[in-house]
Amino acid sequence: MHQDDKKTQVAECALEFIETRQVLGVGSGSTVNIFIGMLDKIRTKIEACVSSSNASTKLLKENNFKVVDLKEIGKIPIYVDGADEANKSLQLIKGGGGALTREKIISNNSEKFICIIDDSKMVSQLGKFPLPIEVIPMAQSAVALEMIKLGGRPVLRENFTTDNGNIILDVHNLKINEPIELEQKINNLAGVVTNGLFAIKPANKLLVADGNSVKEM
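These figures come from a predicted structure and were not determined experimentally.

Caption draft 1: Molecular detail of the sheet that holds strand β6 (residues 110-118). With mixed pairing, the six strands of this open sheet are ordered in space as β2-β1-β3-β6-β12-β13. This sheet does not close on itself; its edge strands, each paired only once, are β2 (46-51) and β13 (214-216). In this sheet, neighbouring strand axes are inclined to one another by 25° on average, regardless of whether the strands run parallel or antiparallel. Pairing of strand β3 (residues 76-81) with β6, which is carried by five bridges, proceeds in the parallel orientation. Residue pairing for β6: I76 is matched across the bridge by S110. Against the sheet, helix α5 (residues 100-108) engages β1 (22-26), β2, β3 and β6, with an angle of about 145° to β3.

Caption draft 2: Broad picture of the state of the cysteines. Tallied over the full model, the rule gives zero disulfides. Sulfur of C49: no disulfide; nearest cysteine sulfur belongs to C115 and is 18 Å away.

Caption draft 3: Quick peek at the side chain of D118. In this structure, D118 sits in strand β6. At a separation of 2.3 Å, a polar atom in the side chain of D118 contacts the side chain of S120. Those residues in contact with D118, other than ones at most four positions away along the chain, are Q3, K6, K7, V208 and A209.

Caption draft 4: Structural context of the environment of S51. Position of S51 among the secondary structure elements: in strand β2. The spacing of S51 and G25 is 26 residues in sequence and 6.0 Å in space, taken between C-alpha atoms. With residues up to four places along the chain from it excluded, the contact list for S51 reads V26, S56, T57, L60, V67 and I106. Polar contacts involving the side chain of S51 include one to the side chain of T57, which spans 2.9 Å.

Criteria and cut-off values
- Residues numbered from 1 in each chain as written.
- Predicted model: local features only at pLDDT ≥ 70, side-chain atom pairs only at ≥ 80, totals over all residues.
- Heavy atoms only, no water.
- Pairing = 2+ DSSP bridges.
- Helix = DSSP H or I, 4+ residues; strand = E, 2+ residues; numbered from the N terminus.
- Axes fitted to C-alpha atoms, helices over the stretch in contact; angles between N-to-C directions.
- Contact = heavy atoms within 4.5 Å.
- Disulfide = S-S within 2.5 Å.
- Polar contact = N/O pair within 3.5 Å; in protein donor to acceptor, adjacent residues only side chain to side chain.

As structure tokens, then:
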């Protein structure tokens, strides 16, 4: 089965977890874009949406869904998003699309985070996908140096600015043996807004499409 077909398969499965009259947290990325395109099937269940990126907000509004700010809602019942990598502990690397900070904020303020991926994103150890770090521009060199000390190879994501007006360093070659410890260590660096490890608060449920079925973890 083609990867896009797997994304469609897992996006459709996620619809089953949305209950009536909920405020829905919506992530970003290619799988989520497919998910947004399917939301019309359960339109009557959705009171409003909270979006993690300008791109998702635009797509939701184009599909005539009400989009509200997190500060108006408080705690969100359910958040649906994808990932760039996931392990069996439901820890993730996210941020390939650059929306990692808002994704983490919404995830941390959701009662349930459902992550939807295809089986190509499952790994035994996180880190093959470069770890994105959102950084305040003036701290670029300092944070890059600290990542080199940790064994990584930081690369500035060229011609890219986050929705928050910051830069992204994509860190290659990290050996992520202790995801929680590394997430905390990077977040403690001055100038780091956040990093793409979702290990301190992993997904609550992981849906994985393999082409034949969707596995629930």
